[in-house]
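Close look at the chain arrangement
Each chain, letter by letter, is given below.
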Amino acid sequence: MKSRTVRRVGLSIAVATALAGVAACGSSGSSGGSGKDDRAAGRSATRVSPIAALRSAEQSTDKADSAKVESSTVMGSLMSMDAKGNLGWSDGITGTLTMTYTGGTVADTMRAAGSTSMEARYLPDAYYAKMGEKFAEQAGGKHWIKYDYDDLAKLGGSSGAYLKDQMQNSTPNQSVKLLLASGDVKKVGTESVRGQKTTHYSGTVNVADLASKNSNLTASQLAGLKKQLTAAGVSTEQVDIWVNAQDLLVKKIEKGEMSSGHYTQTAYYSDYGVKADATVPPASDTEDFTALLKKQGGDAASGSGSSS
């Protein structure tokens, strides 16, 4: 495996693992309004109002702190991925996911590294990806890659800063917040989801506008992110959520278009309150991503470098 392949694998895993966490939990940050005002508005609405129902679902899901998650992500020709595990969100994303890459260029890259499945551990300041033996042979014998959120912010520019914010301020109820902030939400009807009676809500959101309402980015970072979103062909997305009788989110779908093709993120939630934790892998078996880039002849700030 050439050093360029090692870097490409590391970068692919950085993106895919972060996306898996964000897709599973959504994001939080600022909700765009105070809880007090939201509750007051909820009281003035009718009980059958979609807005009032969604505010109740937002609060109930946020308080649950953890859940079992199953998600699938398709991003055009870039990636198709399934993930499952237990995640908590009381202090950013914490927990463990098993991810399987089923298609796209990321799956091809992973296959070249010896495995299309891996374990990811999410902690408050970083996440860790466990690689296969073939990759470890080319990375000093270490099986885990550590991705520090601060390093990812530097690596990805404005989009990296946004990703860091999402990973450290995430809850599944972000999909509910997206609909509330969009001003475009409707009740579709009642449907059965995995044996549960649920209410289906749907709406369309402006991705760049929502980033400004639901993150802690600076004005310059937001401007940079909007530029990157425009370049990627991302403008609006459709959000659909299903809420059960306990006002808990049980399913979400976010979909839209980007320059590389159609993207869809689907997640199912169950067993709210389940134990969700993750331990830091042994230091002796862990390589820091930025250190790996430097060892392979790349630039930690850009991921560039020459093949050996």
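Section: the overall build of the chain
A count of helical and extended segments in the chain gives 11 helices and 12 strands. In the chain, which comprises 308 residues, the proportion classed as buried is 50%. For the chain, restricting intrachain contacts to residue pairs at least 6 apart in sequence, the fraction spanning at least 24 positions comes to 63%. Entry remark: accessible area of the chain is about 13400 Å², with carbon and sulfur atoms responsible for 49%.

Here's the deal with the environment of valine 193
Position of valine 193 among the secondary structure elements: in strand 7 (residues 185-193). Not counting the four nearest positions on each side in its chain, valine 193 is found in contact with Thr198, Trp242, Val250, Lys251 and Tyr268.

Quick notes on unusual backbone geometry
Of note, arginine 194 is a non-glycine position whose phi angle comes to about 50°, a positive value. As for its position among the elements, arginine 194 is in the loop between strand 7 and strand 8 (196-206). Of note in this structure, aspartate 271 is not a glycine but carries a positive phi near 50°. Structurally, aspartate 271 can be placed in the loop between strand 11 (261-270) and strand 12 (286-288). For aspartate 271, a relative accessible area of 48% translates into the label partly exposed.

What to know about the sheet that holds strand 1 (residues 66-75)
Strand order in the open sheet made by the 12 strands is 7-8-9-10-11-1-2-3-4-5-6-12, with mixed pairing throughout. Either end of the sheet is taken by a strand with one partner, and the two such strands are strand 7 and strand 12. Within this sheet the neighbouring strands show an average axis-to-axis angle of 20°, counted without direction. Relative to strand 11, strand 10 (residues 249-258) runs antiparallel, the two being bridged by eight bridges. In the sheet register, lysine 255 faces strand 11, and the bridge partner there is threonine 264. Of the strands in this sheet, strand 7, strand 8, strand 9 (236-244) and strand 10 touch helix 8 (residues 174-182), which is tilted by about 120° from strand 9.

Section: the packing of aromatic side chains
For the structure shown, the criterion picks out five aromatic pairs. Centre to centre, the rings of tyrosine 122 and tyrosine 127 are 5.8 Å apart; their planes meet at 40°, and the pair counts as tilted. In terms of burial, tyrosine 122 and tyrosine 127 fall into one category: buried. These aromatic residues form a ring-pair network of at least three members: Tyr122, Tyr127, Tyr147, Tyr149 and Phe289. The positively charged end of arginine 194 is found above the aromatic ring belonging to tyrosine 268, 3.8 Å away from the centroid. In this arrangement the basic side chain of lysine 251 is found over the ring face of tryptophan 242, its NZ or CZ atom lying 4.4 Å from the centre.

Section: the confidence of the model for the chain
Mean pLDDT over the chain: 76, with 66% of residues reaching 70 or higher. Mean pLDDT across the elements of the chain bottoms out in helix 2 (residues 35-44) (35) and peaks in strand 7 (94). Below pLDDT 50 for its whole length, residues 299-308 participates in 31 contacts with residues either more than four positions away or in separate chains.

Digging into helix 3 (residues 50-64)
It helps to recall that an α-helix has 3.6 residues per turn; residues three or four apart then point in one direction. The end-to-end C-alpha distance of helix 3, which contains 15 residues, comes to 21 Å, matching closely the 21 Å that a straight helix rising 1.5 Å per residue would cover. Those residues of helix 3 that sit buried are Ala52, Ala53, Leu54, Arg55, Ala57, Glu58, Thr61 and Ala64. The first or second residue beyond helix 3 is aspartate 65, which carries a positive phi of 75°.

Focus on helix 8
Among the nine residues of helix 8, seven are classified as buried, and the element is accordingly described as predominantly covered. Gln174, Ser175, Val176, Lys177, Leu178, Leu179 and Leu180 are the residues of helix 8 that are buried. Downstream of helix 8 by one or two residues, glycine 183 has phi in the positive range, about 75°.

Definitions and cut-offs
Each chain has its residues counted from 1, following the order in which its sequence is written. Predicted model: local features are reported for residues with pLDDT of at least 70 only, side-chain atom pairs are reported and counted for 80 or more only, and whole-chain, interface and lining totals are derived from all residues. Values reported for side chains reflect all heavy atoms of the structure, with hydrogen atoms and water molecules removed beforehand. Secondary structure elements are defined from DSSP: runs of H or I of at least 4 residues count as helices, runs of E of at least 2 residues count as strands, and each element is numbered from the N terminus. Relative accessibility decides the category of a residue: with a 1.4 Å probe and only protein chains considered, values under 20% of the type maximum give buried, values over 50% give exposed, and everything between is partly exposed. Contacts are residue-level and defined by heavy atoms, with any inter-residue pair within 4.5 Å sufficient. To be clear on the numbers: accessible area is Shrake-Rupley with a 1.4 Å probe, and residue cover counts the displayed protein chains and nothing else. Note on pairing: two strands pair once DSSP finds at least 2 bridges between them. For helices, the axis comes from a line fit to the C-alpha atoms of the stretch in contact; other axes are also lines fit to C-alpha atoms, and the angle between any two N-to-C directions lies between 0 and 180 degrees. Working definition: rings of Phe, Tyr and Trp (its six-membered ring) pair if their centres are within 6.5 Å, and the pair is stacked with planes under 30 degrees apart, edge-to-face with planes over 60 apart, and tilted otherwise. Criterion for a charge above a ring: Lys NZ or Arg CZ within 6 Å of the ring centre, and within 35 degrees of the ring normal. Every residue is assigned a pLDDT by the predictor, reflecting its confidence on a scale from 0 to 100. To estimate how far a helix should extend, the number of its residues minus one is multiplied by 1.5 Å.

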